[in-house]
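The residues making up each chain are set out below.
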Amino acid sequence: MEFISRHPDQTRRLGTRLGLMLQVGDLVCLEGELGSGKTTLVQGIASGWGSPDLVTSPTFVLVNVYRHPQGRRFFHVDAYRLANPGEAEDLDIIGMLEQGAVVVEWADRIRSILPAQNLWVKMRWVDEDQRDMLFRAYGDRYLSLLAELRHQIYGVS
Ligand SMILES: Nc1ncnc2c1ncn2[C@@H]1O[C@H](COP(=O)(O)OP(=O)(O)OP(=O)(O)O)[C@@H](O)[C@H]1O
Ligand SMILES: [Mg+2]
């Protein structure tokens with residue numbers, strides 16, 4: 001599924017729709033250059049998920065954990081500063097997936113240690129206000145997630 005966003009709020013709203021649908025164990029992988037809108041999308045995802053916390057870029061801390069009143073967790077990982085896949089393995093993304101939903105920025109940098117089943121989002125800077133997002137589903141869970149998202153946005157599946 002391809003989606004063109006013309007405003008940061010539009011990107012956030014799309015993220016919110018996705019965040020509402022996420023369950024414990026879901027993995028969303030974000031790929032895209034600096035400023036392509038990854039963190040903006042995550043802000044929406046976290047609010048849809050139900051986190052009252054403000055989302056900031058975890059660039060200097062690798063992982064931000066957002067709590068939810070019902071005890072579920074939302075993990076926001078930024079792989080930009082990881083030196084190697086071994087370091088990524090130490091993060092224990094599998095362990096995070098047991099406790100909540102996980103979104104990874106710069107996922108392409110640690111692809112080798114990520115579960116093969118995921119929702120992959122490739123984000124691209126088009127111009128000052130426009131971002132292109134390409135959604136690809138790997139695995140049945142993500143195919144139905146993407147079908148539902150498409151249905152919500154366009155009213156068709
Ligand atoms: N349609 C749009 N969607 C998302 N962001 C947009 C859009 N138009 C403009 N922007 C701006 O682009 C910037 C995107 O920054 P953001 O931090 O989300 O990118 P990023 O991909 O996370 O970058 P980094 O790789 O540095 O973490 C923000 O300043 C945002 O306001
Ligand atoms: Mg970012």
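Residues numbered from 1 in each chain as written. Chains lettered and ligands numbered in written order. Predicted model: local features only at pLDDT ≥ 70, side-chain atom pairs only at ≥ 80, totals over all residues.

**Digging into the site of ligand 1**
For step 1, the next point in the chain: Close to ligand 1 lie 19 residues; Thr11, Gly37, Lys38, Thr39 and Thr40 are nearest.
For step 2, the next point in the chain: Contributions of two or more residues to the shell around ligand 1 are made by α1 (8-21), α2 (38-49) and β7 (130-138).
For step 3, the next point in the chain: Each residue belonging to the shell around ligand 1 can be placed in one class, and the counts come to two nonpolar, 12 polar and five charged. (Near = placed C-beta within 6 Å. Helix = DSSP H or I, 4+ residues; strand = E, 2+ residues; numbered from the N terminus. Nonpolar A, V, L, I, M, F, W, Y, C, P; charged D, E, K, R; others polar.)

**Some points on the pairing of strand β3 (residues 63-67)**
For step 1, the next point in the chain: The sheet contact formed by β3 and strand β4 (residues 73-78) spans five bridges and is antiparallel. Bridge assignment links asparagine 64 to a residue of β4, and that residue is histidine 76.
For step 2, the next point in the chain: Hairpin connection from β3 to β4: five residues lie between these consecutive antiparallel strands, with glycine 71 at a positive phi of about 90°. (Pairing = 2+ DSSP bridges.)

**With respect to unusual backbone geometry**
For step 1, the next point in the chain: If you check the backbone angles, aspartate 92 has positive phi at about 60° while not being a glycine.
For step 2, the next point in the chain: Structurally, aspartate 92 is set in the loop between α3 (85-90) and α4 (93-99).
For step 3, the next point in the chain: The exposure class assigned to aspartate 92 is exposed, which follows from the 11 C-beta atoms found within 10 Å.
For step 4, the next point in the chain: Phi at tryptophan 106 takes a positive value of approximately 60°, unusual for a residue other than glycine.
For step 5, the next point in the chain: Position of tryptophan 106 relative to the elements: it lies in the loop between β5 (100-105) and β6 (118-127). (Buried ≥ 20, exposed ≤ 12 C-beta atoms within 10 Å, placed from the backbone.)

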